[in-house]
Every structure is written in structure tokens, then in C-alpha cells.
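# Fold and geometry: a report
The primary structure of each chain is shown beneath.
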Protein chains: 2
Amino acid sequence: MRTTAENAELALLLDVTSTPKPGNVDRAHDHEDLRFEHFMAGAVGASEGLRMAAAGEPVGTAFERAVEGMANQRGGNTQFGALLTLVPLVAAARAEGGVTPESAANVVESTTVEDAAGFYRAFEHVDVAVDDPPDGMDALDVRHGADAIPTLRDRELTLYDVLAASVERDGLAREWVSRFPRSFETAERIESGDGPVPDRAARAYLELLASEPDTFVATAHDEATAREVCEAARAVRRGETSPETLADQLVAAGVNPGTTADLVAAGLFVALERGLDV
Amino acid sequence: MRTTAENAELALLLDVTSTPKPGNVDRAHDHEDLRFEHFMAGAVGASEGLRMAAAGEPVGTAFERAVEGMANQRGGNTQFGALLTLVPLVAAARAEGGVTPESAANVVESTTVEDAAGFYRAFEHVDVAVDDPPDGMDALDVRHGADAIPTLRDRELTLYDVLAASVERDGLAREWVSRFPRSFETAERIESGDGPVPDRAARAYLELLASEPDTFVATAHDEATAREVCEAARAVRRGETSPETLADQLVAAGVNPGTTADLVAAGLFVALERGLDV
């Protein structure tokens, strides 16, 4: 009975509720200026943009509106990356067979230059930690915000093109260009798990974190830190340390595997759309 | 920038996030079959009914829709009482001066027999712990659900009339018939507090709990238990015991001061409408 947009909002809420998600704000952990309640307000604020995506509005327009609403709290960037993954999946749920790798690929491959413009405008609503742009892309640094839009139009770059240029350093861009493999894999893990949904999502997070270095950690710190966190997650999976200990260590070090949490939100959404009960 | 309906939904989320709220599910406490994630799903599910109230749909219709959506999770009754308080306050926010004791009184005093019918239908969506009806009201036992509607019509009882018959035993009915004094008082406490909003709301909860016996505890247990809980909250306020200890005791005893939590949700909503930042 929940709508697609409501499932997306609930996915954001269940993502931050899932505990422990080492390094991220979760039910048991806050960062100093970025706390649990900011994620609550971010999820509620994003709801109108999510409804626009579910109603068939262009992906870029819906994404910008979702980010604008999300940013209406004092914590800063709570769910930018999660929304970048959720918005096309929400749009894909309009397809006859619902949200699938195929319908999601259709959505992202159909994005336009105007969708790219919406993506750039979204950066004007909130500070997002980003790397320098790839070679030859200086004019398209996302930190230019709307000022980059004339260049997008000159070069006729769609939102898919923009994200395709970042696949080397951005795990969410990789989802966009490869049919969202880790999002769907996470949905399957959550669906096949036992116990309360947040516990299943927390286990899926740890498996994701152990499987590949988190690209947000690589951006905010460096590649070596991202690899260390991945290795530490593997140690947790081998039972050599507890997830709670890793959580305390990462919070203390200010290391936040945000991309991995974004993928859990995407997986939760797909699972809810396919009938997961809460 | 949040809409009135979004503020109401956020109030539900911040209410359950506020910790410790001794005896209730909060960020640090679950009951065995009623957990934090059920409140997340309940808040998201209620959003359409809250939007209906904000759009001027009749209170009874909006309330029934909110409860129906809230009930779409496995925990059972999460926010029935909170919605009974929030829906008229949301409707009152449409008035020129926003939500005030006066605009709220206008809303509840203008309710109709059809609003009462919506209230009775809402009981068909979820099990709510209730007392036996007052003398002469057997035909209007809420447990009859929609079967009581012909009697409501025969006696021409509005939703205000129905709640006015329960003021002796129901702290939320008292809000309805007396301009929501504790809801507005709680808003003022939260607004004038310091620190993160959930911390302020948890303090407001404890003050409310210490001020009057919780009527939900009186219904689910008895008057003596409700008085004991009130006395225990006073001991916490005097510093004789910690709120965490009281929380553990009440969870262990299965005592849930739900009406007090509902009033915190109402207070959070009023504060958000008046500009409280999160």
C-alpha cells in the first residue's frame, strides 16, 4: 500500500536506522555536527522530489528538488549520494515490470542535457565533498554549480555522460553505468536475510564495505584509507573484531564510508518495492 | 520550506528519536515486537492522511487515512494517539495565524458526525488498547468500529462529542476539549530548550510524565500504576534516579506511557510550525 515515493523515503530512514554501520551516523552513532535527526529531516525534506520522480518528472528536476528539500536542516549533506542512486531507481519503478536492472538502465540512458543541468544546480543547495574533476573537465567541476550549465549545453552532455566520466572514482557513477549491480545485490541480501530489517541492512552494509573500497572515503581522505577500511571490514567479517569496535574507530577517525551507506539505501528501496515487509 | 504535513511527519520521527523517553520505544529502546523501524514505517505511512488534513479534507477522513497508512507495518499500533492529536493541529495550521489554541479549538468544535464516523472506521485498521466505554455508551464502544456508525448518526454525535465523553480517562480527549494546553506547553518547552531537538523533546517528555499520570498507562494497566510512573518520573526530576534506569524498569515491566509520547509529538509539530530548526 505504500507508494513508490514512500518506499524511497522509508529506505532513507531505515538506512540511517540500521546499526551498526561503522563510520556512518546510525541509530547508535552521531557525528559531532551531523546527527541522526538531520537524516530524519533530510528524508522528509526529500519526499517531494521523490514524488516527482515517481510521477515521471525528469530525473534531473526531481533530483534537484529532492536535494533542495533534503538540505533544509542544519547537518549539511545527509543523503545527496543516496538520492543520486534512488531517484533513477524510483523513476524505473514506473516501468511495467517495476524496478529492475533493465528499467533502471533505460532511465539513466535516457537522461538529457537538462537532467545534467538539474544535477549541477543541486550542488548549489548543499556542500558535497568532491574530488577535482577528471582531465579536460575543469569547466564541468560540479563545484561551479549552475555556472557549468552553458558548458554542458555546448558539449551536449547528458547526466549519464557526466556520471560516466566519474566511474573511476565514484562508486555511485559505476552503478549508473552498469545497471546498478551492487544496489540489486544488496536488495537480494536484505530480502534473503533473517530478523528485523535494520539488522539485515547492517549486515549487508558490512558485506559491501568488505567487498570494495568505499569511494567516498577515497575522495574525502585517500585511496590508502579506503583500502584500510575495506580490510578492516573483512577482519570484522572474519570475526577478528566486532562491528561496534570498528564503528567506534571510524567515528573517532572521522572516516565515513558514505557511498556504502548510499548503496544500502538503494538496496532497501528495491527490496521494499519488491514487497519486503517492515 | 517544509510543508505543514511534512512538519507533522517529522514530528512523529523526532518523537521516536528522542531518547530516553522512559517506557516508550525510542532511539535506544525497542519493545519485543514493536521496534523503532515500525515507527519509521508508521510515520511514512501516515503522510498521505497528514497531507489530506493540511489540504482541508475533513478531520475524520484525514485521520482514518493516516491511521490506515500508519498501520501498514508489522508492529501494530505505533502512532494512533499521536495522529489523533496531530490531525486537528495540522488542520488548524491552515488558519490565517497558523496553529494556535484558538485555531485548534475552531477545528475540533467544527467536527461533524461524519468525522466521528471516520474516527470509528480508523479502529478497523489497527488494534488500539481501550477501556470499556462510559455508562450508556455501550453501542458506541470504539471496538465496534464502523458498526457503531448508525448509532452515531441516530444520536447526532460529532467527533468532538465522542471525545468529550472520554475526558475522564483519556489525556488526548482532554486536549481536544480544552484547546490543547499540554501540546502548546510542550512546544514552548522545546522551543526554549538548549541543544539538539531530540534532547529537548526527551526533557519535555519527562516533565509531562512527572506532571500528570499517563492515561494510556491507566487504561493498559490501572490508575495506581499510572500514579506510580508519575511519581517515578518526579524522582528522576529530583535527581534521585536516572532517566535511563527508569527507562529500563518500565520496558522490563511492559509499562508504556504512550499518551505522554503523543503529547511530545504534538508539541514538536507546533514548534516546527513556528519555526524550530532541526
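Placed above this text is the structure.
Now for a quick tour of the structure. Values in this document were obtained by computation on a predicted structure and should not be read as measured data.

All right, on to the side chain of Thr17 of chain B then. With respect to the element layout, Thr17 of chain B can be found in helix α1 (residues 4–17). A distance of 2.7 Å separates a polar atom in the side chain of Thr17 of chain B from the backbone oxygen of Leu13 of chain B. Ignoring anything within four residues of it in the chain, the contact list for Thr17 of chain B reads Phe36 and Met40 of chain A together with Arg27, Phe36 and Pro198 of chain B.

Let's shift gears to the packing of aromatic side chains. The final tally for this structure, using the stated rule, is 13 aromatic pairs over all chains. With a centroid separation of 6.4 Å and 55° between ring planes, the pair formed by Phe80 of chain B and Phe119 of chain B is classed as tilted. Of this pair, Phe80 of chain B sits in helix α4 (residues 80–92) while Phe119 of chain B sits in helix α6 (residues 113–122), and the two are 39 residues apart along the sequence. In terms of burial, Phe80 of chain B and Phe119 of chain B fall into one category: buried. The interplanar angle of 85° and the centroid separation of 5.8 Å between the aromatic rings of Phe119 of chain B and Tyr120 of chain B together place this pair among those described as edge-to-face. Members of the aromatic cluster, each reached through a chain of ring pairs, are Phe63, Phe80, Phe119, Tyr120 and Phe123 of chain A.

Moving on: the interface of chain A and chain B. Listed per partner, the contact involves 34 residues of chain A and 34 residues of chain B. Contact with chain B buries area across many residues of chain A, yet Met1, Arg27 and Val278 of chain A alone supply 25% of it, more than any other trio. For the pair chain A and chain B, the interface holds four salt bridges. Note that Asp30 of chain A and Arg27 of chain B form a salt bridge whose closest N and O atoms lie 3.0 Å from each other. Our count for the chain A to chain B interface comes out at 15 residue pairs in polar contact (both at pLDDT 80 or more). Examining the composition of the side of chain A that touches chain B, we find that nine residues originate from one element, helix α2 (residues 36–54) of chain A, more than from any other. Residues belonging to the side of chain A that touches chain B are distributed by class as follows: 13 nonpolar, seven polar and 14 charged.

On to the relation of the copies chain A and chain B. Superposing chain A onto chain B takes a rotation of 180° plus a shift of 0.0 Å along the axis, which leaves an RMSD of 0.0 Å. One copy is carried onto the other by what is essentially a two-fold rotation axis. Within chain A, Arg27 of chain A has its C-alpha nearest the rotation axis, a separation of 3.1 Å. When the interface residues of chain A are mapped onto chain B, 100% of them are again interface residues, pointing to one common binding face.

For helix α11 (residues 197–211) of chain B, which comprises 15 residues, the first-to-last C-alpha distance of 21 Å matches the rise-based estimate of 21 Å (1.5 Å per residue) to within 8%. Among the 15 residues in α11 of chain B, 11 count as buried, and that is most of the element. Taken residue by residue, α11 of chain B has Val197, Pro198, Arg200, Ala201, Ala202, Ala204, Tyr205, Leu206, Leu208, Leu209 and Ala210 of chain B as its buried positions. Residues of α11 of chain B that are buried sit in contact with α2 of chain A together with α1, α10 (181–192), α13 (223–237) and α15 (258–273) of chain B.

Here the focus is the side chain of Arg200 of chain A. Residue and element names in this part refer to chain A. If you trace the backbone, Arg200 turns up in helix α11 (residues 197–211). One buried charged residue, Arg200, remains without a salt bridge, the closest side chain of opposite sign being Asp194 at 6.0 Å. Only 3.5 Å separates the side chain of Arg200 from the backbone oxygen of Gly193, close enough to count as a polar contact. Setting aside residues up to four positions removed in sequence, Arg200 forms contacts with Ile190, Glu191, Gly193, Asp194, Gly195 and Leu276.

Counted by the stated rule, this structure contains 38 salt bridges over all chains. Arg153 of chain A is the salt-bridge partner of Glu114 of chain A, the closest N and O atoms lying 3.0 Å from each other. Of this pair, Glu114 of chain A sits in helix α6 (residues 113–122) while Arg153 of chain A sits in helix α7 (residues 149–155); the two residues are 39 residues apart in sequence, bridging distant segments of the chain. For Glu114 of chain A, a relative accessible area of 41% translates into the label partly exposed. Judged by its relative accessible area of 43%, Arg153 of chain A is partly exposed. Put simply, Glu185 of chain B and Arg189 of chain B hold a salt bridge, and the shortest N to O gap is 3.5 Å. Highlighted residues: Glu185 of chain B and Arg189 of chain B, both in helix α10, separated by four residues, approximately one helical turn. The structure contains a network of salt bridges with shared partners spanning Glu231, Arg234, Arg238 and Glu240 of chain A.

Residue and element names in this part refer to chain A. Packing of α2 against helix α3 (residues 59–70) leaves a shortest axis separation of 6 Å and a crossing angle of 165°. The orientation of α2 relative to α3 falls into the category roughly antiparallel. Pair α2 / α3 crosses with right-handed handedness. Of the residues in α3, those in contact with Gly42, Gly45, Ala46, Glu48, Gly49, Leu50, Met52 and Ala53 of α2 are Thr61, Ala62, Arg65, Ala66, Gly69 and Met70.

Once that is clear, we can look at the packing of helix α2 (residues 36–54) of chain B against α4 of chain B. All names here are of chain B. Two elements in contact, α2 and α4, have axes whose closest approach is 7 Å; the angle formed by their N-to-C orientations is 35°. In this structure, α2 meets α4 at a crossing whose hand is right-handed. Facing Ala46, Leu50, Ala53 and Ala54 of α2, the residues of α4 in contact are Leu83, Val87, Val90 and Ala91. A class-by-class count of the residues in the contact of α2 with α4 yields eight nonpolar, no polar and no charged.

Conventions we followed
- Residues numbered from 1 in each chain as written.
- Chains lettered and ligands numbered in written order.
- Predicted model: local features only at pLDDT ≥ 70, side-chain atom pairs only at ≥ 80, totals over all residues.
- Heavy atoms only, no water.
- Helix = DSSP H or I, 4+ residues; strand = E, 2+ residues; numbered from the N terminus.
- Polar contact = N/O pair within 3.5 Å; in protein donor to acceptor, adjacent residues only side chain to side chain.
- Contact = heavy atoms within 4.5 Å.
- Phe/Tyr/Trp six-rings, centres within 6.5 Å; stacked < 30°, edge-to-face > 60°.
- Buried < 20%, exposed > 50% of the residue type's maximum accessible area, 1.4 Å probe, protein only.
- Buried area = accessible area lost by both parts, 1.4 Å probe.
- Salt bridge = Lys/Arg side-chain N within 4 Å of Asp/Glu carboxyl O.
- Nonpolar A, V, L, I, M, F, W, Y, C, P; charged D, E, K, R; others polar.
- Least-squares fit on C-alpha atoms with pLDDT ≥ 70 in both.
- Expected span 1.5 Å × (residues − 1).
- Lys, Arg positive; Asp, Glu negative; His and termini not counted.
- Axes fitted to C-alpha atoms, helices over the stretch in contact; angles between N-to-C directions.
- Parallel < 35°, antiparallel > 145°, perpendicular 65-115°, else oblique.
- Left-handed = near helix turned anticlockwise from the far one by under 90°.

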